[in-house]
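Here is how the chains run, residue by residue.
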Amino acid sequence: MATKKRIKTIGVITPGGDAPGMNTAIRAVVRTAIYNGLKVYGIERGWQGLIEGKIRDLELSSVGGIINKGGTMLHTHRCPEFKNKEVRKKACEKFRAFNIDGLVVIGGDGSLHASYVLYKEFDIPIINIPASIDNDIYGTDYSIGFDTAVNTAVEAIDKIRDTATSHERVFVVEVMGRNNGFIALDVGLTSGAEAIIIPEVPFNIDAISQKLRYGQQRGKSSFIVVVAEGAAKAHDIAKALEKRTKLDVRVSILGHMQRGGSPSALSREAACKLGSRAVQLLKEGKKALMVGLISDRVIETPVEEVMRKKKPIDMAVYKLANMLAS
Ligand code: F6P
């Protein structure tokens with residue numbers, strides 16, 4: 001849908017959980033906007049900052065030296081109050097007070113929903129950029145930060161594998177991913193995990209135990225079981241495996257280390273391309289769209305469609321991981 005008003009000033013915000021590559025995306029937004037003659041405001045501390053008017057000018061130099069930095073230079077804050085319409089109205093007033101004509105929202109699933117409500121209620125032109133380590137957003141193959149988080153977890157598991165091999169142990173490694181198994185699946189495949197437990201596929205603890213026992217009989221000396229945080233508690237899985245296999249089992253919960261660190265080249269590439277396209281779309285008068293990468297091409301999908309559709313787990317990859325780790 002096209003707006004009549006010419007866009008002169010835009011805002012950029014990073015609400016919700018941080019993801020590596022958000023800074024790279026902010027840089028792309030700011031530099032593309034200034035290149036196109038637009039003024040840019042940075043909104044600090046997510047929706048909370050918008051409510052409080054924590055809004056500042058961003059110049060070319062404001063985003064220097066951040067392309068390789070994890071986290072978000074704009075800071076962020078979980079803001080449950082944003083579910084309240086009165087609070088959103090207050091946020092919108094701040095938006096108008098600064099004459100912001102359009103907004104680029106860099107964030108995950110929650111940010112996408114919140115910004116769509118803002119668009120519906122107050123007709124604010126918004127373009128969303130998917131940035132979340134979870135990679136659970138429809139309309140893009142990768143969200144910014146996912147590849148970095150997977151690399152971080154794989155690097156950690158490679159190290160854990162050394163101890164697992166030396167002590168002939170099983171390690172149950174819990175990775176992030178809220179209610180989905182995208183991180184666990186990629187991490188499991190690329191770290192050679194003997195089993196992957198994700199919410200999308202029912203698991204059978206007896207079958208996993210049997211697989212580990214067969215492995216042991218064949219002379220395997222280490223076993224990694226990757227479990228998505230939304231599928232089961234790593235400690236419960238460890239107890240159940242120890243009881244059934246009599247193997248020595250340890251737990252490692254990787255936690256927030258997966259959200260930090262310098263963004264990978266792939267996360268940066270996505271951030272550069274999507275950040276720049278988001279600004280161009282606002283300039284063209286577009287709104288309520290999410291930019292994404294499908295088969296390496298930048299594409300736009302209506303946010304309404306992104307919210308309605310669920311991104312599926314690739315079952316072929318799940319089967320492949322299991323086959324290769326047999
Ligand atoms: O959505 C990103 C994510 O890291 C999830 O994987 C995780 O469940 C959640 O955020 C943790 O949120 P918080 O940092 O608020 O505890």
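Residues numbered from 1 in each chain as written. Predicted model: local features only at pLDDT ≥ 70, side-chain atom pairs only at ≥ 80, totals over all residues. Heavy atoms only, no water.

J.: Account for helix α11 (residues 315–324), naming residues and giving values.
T.: Those residues of α11 that sit buried are Val-317, Tyr-318 and Ala-321. Take α11 and look down its axis: the buried residues cluster within an arc of 105 degrees, on one side only. Those residues of α11 that are exposed and angled more than 90 degrees off the buried face are Ala-316, Lys-319 and Met-323. Next to the buried residues of α11 lie α6 (182–191) and β7 (195–197). (Buried < 20%, exposed > 50% of the residue type's maximum accessible area, 1.4 Å probe, protein only. Helix = DSSP H or I, 4+ residues; strand = E, 2+ residues; numbered from the N terminus. Arc of directions from axis to C-beta. Contact = heavy atoms within 4.5 Å.)

J.: Can you tell me about the site of the ligand, naming the residues and giving the values?
T.: The local shell around the ligand consists of Arg-78, Ile-133, Asp-134, Met-176, Gly-177, Arg-178, Glu-229, His-256 and Arg-259. Gly-177 places a main-chain nitrogen or oxygen 3.1 Å from an oxygen atom of the ligand. With respect to the ligand, the side chain of Arg-259 contributes an N or O atom lying 2.8 Å from an oxygen atom. Summarising the interface, the protein chains cover 75% of the accessible area of the ligand, which totals 400 Å² for the free molecule. (Near = heavy atom within 4 Å. Polar contact = N/O pair within 3.5 Å; in protein donor to acceptor, adjacent residues only side chain to side chain. Areas by Shrake-Rupley, 256 points an atom, 1.4 Å probe, with all protein chains shown as cover.)

J.: Outline the sheet that holds strand β9 (residues 249–253), listing residues and values.
T.: The strands making up a sheet associate through hydrogen bonds between their backbones, and the pairing can be parallel or antiparallel. Spatial strand order, β7-β8-β6-β9: 4 strands in an open sheet with parallel pairing. Edge positions in the open sheet fall to β7 and β9, since each of these has one partner strand only. Going across the sheet, the axis of each strand differs from the next one's by a mean of 20 degrees, ignoring polarity. The sheet contact formed by strand β6 (residues 170–175) and strand β8 (residues 223–228) spans 6 bridges and is parallel. Bridging from a neighbouring strand, Val-172 pairs with Val-225 of β8. (Pairing = 2+ DSSP bridges. Axes fitted to C-alpha atoms, helices over the stretch in contact; angles between N-to-C directions.)

J.: Help me get a handle on unusual backbone geometry, residues and values and all.
T.: Excluding glycine, a negative phi dihedral is what most residues carry, and trans is how most peptide bonds are arranged. Look at Asn-99: it is not a glycine, yet its phi comes out positive at around 55 degrees. Mapping Asn-99 onto the fold places it in the loop between α3 (85–97) and β4 (102–107). With a relative accessible area of 56%, Asn-99 lands in the exposed category. Even without being a glycine, Glu-168 presents a positive backbone phi close to 55 degrees.

J.: Outline the pairing of β6, listing residues and values.
T.: Summarising burial for β6: 6 of the 6 residues are buried, a large majority. With burial as the criterion, each face of β6 is covered, one bearing Val-170, Val-172 and Glu-174 and the other bearing Phe-171, Val-173 and Val-175. Sheet topology note: the β6/β9 ladder contains 5 bridges and is parallel. Counterpart to Val-172 in the pairing with β9 is Val-251.

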